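In case you want the letters, here they are:
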Amino acid sequence: MTMDATTWAAGNGWSVQEVTCNAGPRDRAFEERHETVSIAAVLAGTFQYRSEQGAALLAPGALLLGNHGQCFECRHEHGIGDRCLSFHFTPTYWESLVAAMPSMRRATFAHSHVPPAASLTGMLARLASFRQGDTAALEEVAIDLAGAVLHADAGLRSRPGPLRNHDAQRVSDAVRRIEAHAHEVGETLSLAELAHDADLSPWHFLRVFRRVVGMTPHQYVLRTRMQRAAEQLRDSAASISSIAFAAGFNDLSTFNQRFRAVMGMSPGSYRIRRNRDGGS
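Presented here is an overview of the structure given in this document. (Residues numbered from 1 in each chain as written. Predicted model: local features only at pLDDT ≥ 70, side-chain atom pairs only at ≥ 80, totals over all residues. Heavy atoms only, no water.)

Focus: helix 5 (residues 191-198)
So, step 1. For helix 5, the full list of buried residues reads Leu194, Ala195 and Ala198. One side of helix 5 holds all its buried residues, which, seen down the axis, span an arc of 100°. In helix 5, the exposed residues that point more than 90 degrees away from the buried face are His196 and Asp197.
So, step 2. The inward-facing, buried residues of helix 5 abut helix 4 (165-181), helix 6 (202-213) and helix 7 (217-235).
So, step 3. Phi turns positive one or two residues past the end of helix 5, at aspartate 199, with a value near 60°. (Buried < 20%, exposed > 50% of the residue type's maximum accessible area, 1.4 Å probe, protein only. Helix = DSSP H or I, 4+ residues; strand = E, 2+ residues; numbered from the N terminus. Arc of directions from axis to C-beta. Contact = heavy atoms within 4.5 Å.)

In structure tokens:
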């Protein structure tokens, strides 16, 4: 097993690292310890995360939460590898951030993670398009992310019971299939297809997928396509129609409508804004 951590940016009390791991089912998991307050955005792959706040299967779009000094364990029972962008805050810096947030009563996380959510798609699209050395932009997004995650954590319901390993494997396989094929035009990735591949009834598959991922399979497919489109709008000069096609849409009108619904603005406005703000 190898894990690579590359520091992208750092400042007084905070840092951001890109962490890639190629662990798989045959690799042994070891208990580790969060040396800082940690928020890790999962960008690719799936893995199991366990802390005293609970255990969960994390998929792209999820946010791993770690309190300072907390022990945790990560495992890859259902697939090989993952990639995360990990934000670290010293306890003193974190407490100063929380103290300035109106109505925020606690500085520790009550849950092990925040599942993928439509309200965070825009922010995660920004994260996916950053590069090493974007220090000023990453400092701003680190602070934005801290506030968004604390409010999301406070609004989560109580933790559900443990998920059967069989169901976790099926959901992990489905997530990896969506990651690999969501951009393909004509690939429907329908509930019936995904449930059939998982050897589960559509009802049971929908229930466990939504429990793990935080949204339905169709919503997750759209989120994946929108995030990739947002990255292309920022990083390339390709036409909006070609970006829509590359993201898996063969109808520009539908793409425009769904992009606006998820990102809060039209693709053209999103590109103008990102260019104006220097990509941040």
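Topic: the sheet that holds strand 8 (residues 71-75)
So, step 1. Pairing within the open sheet is antiparallel, and its 4 strands lie in the order 3-8-5-6. In this open sheet, the two strands that pair with only one neighbour each are strand 3 (32-33) and strand 6 (54-58).
So, step 2. Pairing between strand 5 (residues 47-51) and strand 8: 4 bridges, direction antiparallel. Bridging from a neighbouring strand, tyrosine 49 pairs with cysteine 74 of strand 8. (Pairing = 2+ DSSP bridges.)

Looking at the layout of surface pockets
So, step 1. Reported here for the second largest pocket is a volume of approximately 580 Å³.
So, step 2. Lining the second largest pocket are 29 residues, and of these Met3, Val19, Glu32, Phe72 and Cys74 lie nearest its centre.
So, step 3. Elements that contribute at least two residues to the lining of the second largest pocket include exactly strand 1 (3-11), strand 2 (14-21), strand 3, strand 4 (37-45), strand 8 and strand 9 (82-89).
So, step 4. In terms of residue count, strand 9 provides more of the lining of the second largest pocket than any other element does, 4 residues in total. (1 Å grid on protein atoms, 1.4 Å probe; cavity = no way out; pocket = protein on both sides within 12 Å on 5 of 7 lines; lining within 4 Å. Points joined across faces, edges and corners; volume = space filled by probe spheres on them.)

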